[in-house]
Amino acid sequence: MKKYCAIALALLCAALPAAAQKEYGLKFSSLINDDLTLENAIRLGLENNSEFLSARQEIIIAEQKINEAKFRFLPQFSLQGTATWYDLEYPMVLPDAVANRFLPSTDTLNEKKFFGVGVTATQYLYSGGRIRGTLKMARANLKQVQSRYETVKNAVVLDIKKSFNNLLHAQEYARFTQKTLDTANQWYTRPSGDAWTQIRQRALLADLAVHNNRAKRALGEAQLAMLVSLNKELNSTITIKGDFVPVKTNWDLPHLNLWAMEFRPELKSAIYALEADNIAIDLALSKRYPDIILNGSYEQMGADTLEDVNKQISLAVRLPIPYNFSEQIAQKKAEQRKSSLRRAAIEDKIRIQVASNFESMRFWQDEVLQRQAVYRDLKTRIEAAGKTAAKTGTSPLEALLAYEQTAAGYFEAILKNRVAKAELEWAIGQDLQ
């Protein structure tokens, strides 16, 4: 057993450097719109994403709740001064808001005014673990909020990666179709052949022009989608730069599943939710125990001067008797079981996502290389034929159309390959180096 544990630990330690997450911070100027790299685009998108920024504020709120819970360990002090004018036929006690002071009737002291100033301190000596449990709950809540923050960030990063790669693809394909159309127009500056051949040539040139127009339209749509992902104004102009080339990963499925169980924030959130449920059960059980409270006060009071002094120290034991104690325990235990089932379901879901994206990545990683070989071969042949072969009839145009179709398939494979890698990185919760 120890041998297997050591192997698993070594495997994890070896795996971690290969899947180190980039720290995308809010450090990129939203005024920079030119030549955005993928990393800068992600930073810009995070900087402008309201859901992501809201998740950051939730972390700040959760941290302040921890500080608030810590203060409950300290004595609670209050400083109060009162000035009372009264006309009583029977003695009374002032409300709690004005220090619960006793006032005799007017006939007793023949006075109608009363002044007082004092300080009070209250310290819980024992609370059955409720104060400590509240602090633990606040810390568990912070962990959950941090996990939700990572979940939101991963979703935003994936969306930007997809939009970025779609725009790279649209740019590359639009340039290619434009270059192909320019080559065809250069080859056929004047119609040649009989009337039927010229009609066919004109139709093939029109097809190339249609493909180019479609590519330009797709480029505009990809630019709009990129603006939406970056949360930029839709009339903004941005340019990106990057190598539109195939990517690959050599890691196997067991490694990826191991990283997913370690890094996916959704699973961490489920674990922290289970931890919070355990704390909630402890808090519910702590109601069986009393509170031991130490209270002390010092007051100076009087009708005209503050010469009279009151000092007291009290030790109180308070045992709450809730009617719904057993129901609360049953409720918290049911919530604990529900969290356990949810965690198991999330683990299964993550494994399915990793396996699915891994298969997609493996397929497109191999497919893109096959299409690349055909594309490069046709490119070499087209360039050679363009320099030496005669440009008559419709064969050259038909060859250009076939070449363009092959290139479109190759560019699509690159896009699918890059998107598959982005989705695999999202599935494991880390970037693959």
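Up top is the structure these notes are about.
The rules behind these values
- Residues numbered from 1 in each chain as written.
- Predicted model: local features only at pLDDT ≥ 70, side-chain atom pairs only at ≥ 80, totals over all residues.
- Heavy atoms only, no water.
- Core = buried A, V, L, I, M, F, W, Y, C linked by side-chain atoms within 4.5 Å.
- Buried < 20%, exposed > 50% of the residue type's maximum accessible area, 1.4 Å probe, protein only.
- Helix = DSSP H or I, 4+ residues; strand = E, 2+ residues; numbered from the N terminus.
- Contact = heavy atoms within 4.5 Å.
- Patch = residues over 30% accessible without salt bridge, like charges linked within 9 Å, V, L, I, M, F, W, Y side chains within 5 Å.
- Areas by Shrake-Rupley, 256 points an atom, 1.4 Å probe, with all protein chains shown as cover.
- Salt bridge = Lys/Arg side-chain N within 4 Å of Asp/Glu carboxyl O.
- Phe/Tyr/Trp six-rings, centres within 6.5 Å; stacked < 30°, edge-to-face > 60°.
- Lys NZ or Arg CZ within 6 Å of the ring centre and 35° of its normal.
- Axes fitted to C-alpha atoms, helices over the stretch in contact; angles between N-to-C directions.
- Parallel < 35°, antiparallel > 145°, perpendicular 65-115°, else oblique.
- Nonpolar A, V, L, I, M, F, W, Y, C, P; charged D, E, K, R; others polar.
- Pairing = 2+ DSSP bridges.

**Student:** Could you give an account of the nonpolar core, with specific residues and numbers?
**Tutor:** Core analysis: the biggest nonpolar cluster contains 58 residues, and I160, F176, M226, L230, Y375, L397 and F411 have the highest contact counts within it. Breaking this core down by element, the ones donating at least two residues are α2 (38-48), α3 (50-71), α5 (130-187), α6 (195-230), α9 (325-388) and α10 (395-428). Per element, the largest residue contribution to this core is 19 residues, and it comes from α5. Ignoring anything within four residues of it in the chain, the contact list for L397 reads A184, Y188, Q201, L204, L205 and L208.

**Student:** Residues and numbers for the side chain of S229, please.
**Tutor:** Mapping S229 onto the fold places it in helix α6. Overall, S229 belongs to the buried group, its relative accessible area being 6%. Non-local contacts of S229, meaning those with residues more than four positions away in its chain, are made with G45, D159, I160 and S163.

**Student:** Give me the lowdown on a nonpolar patch on the surface, citing residues and values where you can.
**Tutor:** Together, F77, L79, V117, V119, Y298, L306 and V309 make up a nonpolar patch on the protein surface, roughly 650 Å² of accessible area in all. Elements represented by at least two residues in the nonpolar patch include exactly β1 (76-85) and β4 (113-126). Take V309: it is sitting in strand β6 (residues 308-318).

**Student:** I'd like a rundown of the packing of aromatic side chains, residues and numbers included.
**Tutor:** All told, the structure shown has twelve aromatic pairs when counted by the stated rule. Measuring from centroid to centroid gives 5.7 Å for F176 and F411, while their planes differ by 85 degrees, and the two rings are edge-to-face. Placement of F176 in helix α5 and of F411 in helix α10 is noted, with a sequence separation of 235 residues between them. Classification of F176 as buried rests on a relative accessible area of 9%. One aromatic cluster is present, built from ring pairs that chain together Y173, F176, F244, Y375, Y403, Y410 and F411. Above the plane of the ring of W426 lies R264, whose end atom (NZ or CZ) is 4.6 Å from the centre. Here the guanidinium or amino end of K391 rests over the ring plane of W187, the centre of that ring lying 5.2 Å away.

**Student:** Provide a residue-level description of the packing of α2 against α6, including the pertinent values.
**Tutor:** Contact geometry for α2 and α6: axes closest at 8 Å, N-to-C directions at 55 degrees. In terms of orientation, α2 and α6 fall into the oblique class. Counted together, A41, L44, G45 and N48 of α2 and M226, S229 and L230 of α6 form the full contact between these two elements. In terms of residue class, the contact of α2 with α6 is built from four nonpolar, three polar and no charged.

**Student:** An account of the pairing of β6 is requested, with residue identities and associated values reported.
**Tutor:** Where strand β5 (residues 291-302) lies against β6, eleven bridges are found, and the strand directions are antiparallel. Within the sheet, the bridge partner assigned to Q300 lies in β6 and is V309. Taking the residues that link successive antiparallel strands as the turn, the β5-β6 hairpin has five residues.

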